[in-house]
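Residue-level structure breakdown
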Amino acid sequence: MDRPVASNPHRQPRGRTVLCKCKTYCTVLNPATGLYEGEGNRISRSQRDRHTRSDRSHPESTSSANLLPMLNDSSQHLDVSSLIMRSSLELENLLSSPVIRIDQLLRFKHDPRTNGAFVFPSDNDLMLVNQGLYALADEHVNRAYLHAERELVRLISSAMVLDSDNLDVAEHLHRLWVELRNLTLLKEAEWTSQRSEGTGRPVINTSNVHVPYR
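Conventions adopted
- Residues numbered from 1 in each chain as written.
- Predicted model: local features only at pLDDT ≥ 70, side-chain atom pairs only at ≥ 80, totals over all residues.
- Heavy atoms only, no water.
- Helix = DSSP H or I, 4+ residues; strand = E, 2+ residues; numbered from the N terminus.
- Buried < 20%, exposed > 50% of the residue type's maximum accessible area, 1.4 Å probe, protein only.
- Contact = heavy atoms within 4.5 Å.
- Areas by Shrake-Rupley, 256 points an atom, 1.4 Å probe, with all protein chains shown as cover.
- Axes fitted to C-alpha atoms, helices over the stretch in contact; angles between N-to-C directions.
- Parallel < 35°, antiparallel > 145°, perpendicular 65-115°, else oblique.
- Left-handed = near helix turned anticlockwise from the far one by under 90°.
- Nonpolar A, V, L, I, M, F, W, Y, C, P; charged D, E, K, R; others polar.
- Salt bridge = Lys/Arg side-chain N within 4 Å of Asp/Glu carboxyl O.
- Phe/Tyr/Trp six-rings, centres within 6.5 Å; stacked < 30°, edge-to-face > 60°.

1. A look at the overall build of the protein
- Scanning the protein from terminus to terminus reveals six helices and four strands.
- From first element to last, N terminus to C terminus, the protein shows the α and β order β-β-β-β-α-α-α-α-α-α.
- Put simply, the protein has 214 residues, and 36% of those count as buried.
- Sequence-distant contacts in the protein: of pairs separated by 6 or more residues, those separated by 24 or more amount to 74%.
- In the form shown here, the protein has an accessible surface area of approximately 13,300 Å², with 50% of it arising from carbon and sulfur atoms.

Here's what the structure looks like:
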């Protein structure tokens, strides 16, 4: 006689989960199309509701990159200077808000103590918001960082479709990349700190690196 299979008390029944395809956490922006793609995640209804509220609280990030020009409309005149100005204003507003609290560490999905030293992502990987080994957990302490990361990727995606031969476009795009890499340096510092056995944060030489988010 076969024995009944014991159920896992920690496993969430499938009937109690729902498919979430929010743009904040469960899908990824494709820079080439400006669309959010992915199969989504099965999560609890309460988590899905929180994700929905997060999408609604940042409507500018849930559009298909709202600075992207309509490239197929030849009748549309693209005012590059105006687009860069709008993007620059959004960037300044983004940089004015802190993304990490000194008294609280970021919470990672994977344990830094058991997953090796931080390897700085490639530019392609940087454009995949909150993906991979160094992804952050869906917790309040991470919200400001994730918002900044998501918005920088959106601004870069928008700038990448503009004329790269335009000097103003090239300079603005370079600045956006610098800020995204600076933001990732903060994540690297957090990961390294949590890998160490001591309680203090590591000392990082920032003499040649501008980190504006502290």
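Now that the structure is up, let's keep going.
2. Looking at the environment of A117
- Along the chain, the position of A117 falls in the loop between α3 (80–95) and α4 (123–126).
- Residue A117 is classed as exposed on the basis of its relative accessible area of 52%.
- As a C-alpha pair, A117 and R195 span 78 residues in sequence and 7.8 Å in three-dimensional space.
- Beyond its immediate sequence surroundings of up to four residues, A117 is in contact with Y134, W191 and R195.

3. Looking at the packing of α3 against helix α6 (residues 167–195)
- Orientation of α3 relative to α6, taken along the N-to-C sense of each, is 20°, at an axis distance of 11 Å. Classified by the angle between their axes, α3 and α6 sit roughly parallel to one another. Viewed along their axes, α3 and α6 form a crossing whose handedness is left-handed. Of the residues in α6, those in contact with V80, I84, S87, S88, L91, E92 and L95 of α3 are D168, V169, H172, R175, L176 and E179.
- Partitioned by chemical class, the residues of the contact of α3 with α6 number six nonpolar, three polar and four charged.

4. Regarding the pattern of salt bridges
- This model, assessed by the stated rule, comprises eight salt bridges.
- Across the pair D138 and R143 runs a salt bridge whose closest N-O atoms are separated by 3.3 Å.
- Judged by relative accessible area, which is 22%, D138 ranks as partly exposed.
- R154 is the partner of E151 in a salt bridge, and the nearest nitrogen-oxygen pair spans 2.7 Å. With E151 and R154 both in helix α5 (residues 143–160), this residue pair falls three residues apart, about one helical turn.
- Connected through shared salt-bridge partners, E90, E151 and R154 make up one network.

5. Quick notes on the packing of aromatic side chains
- If you walk through the whole model with that rule in mind, you get four aromatic pairs.
- The interplanar angle of 90° and the centroid separation of 5.0 Å between the aromatic rings of F108 and W191 together place this pair among those described as edge-to-face. Linking F108 in the loop between α3 and α4 with W191 in helix α6, this pair joins segments that are 83 residues apart in sequence.
- Consider the rings of Y134 and W191, whose centres lie 4.8 Å apart with planes at 85°: the pair is edge-to-face. Of the two residues, Y134 sits in the loop between α4 and α5 while W191 sits in helix α6, which places them 57 residues apart along the sequence. Taken as a pair, Y134 and W191 share a single burial class, namely buried.
- Chaining the aromatic ring pairs together yields one cluster made of F108, F118, F120, Y134 and W191.

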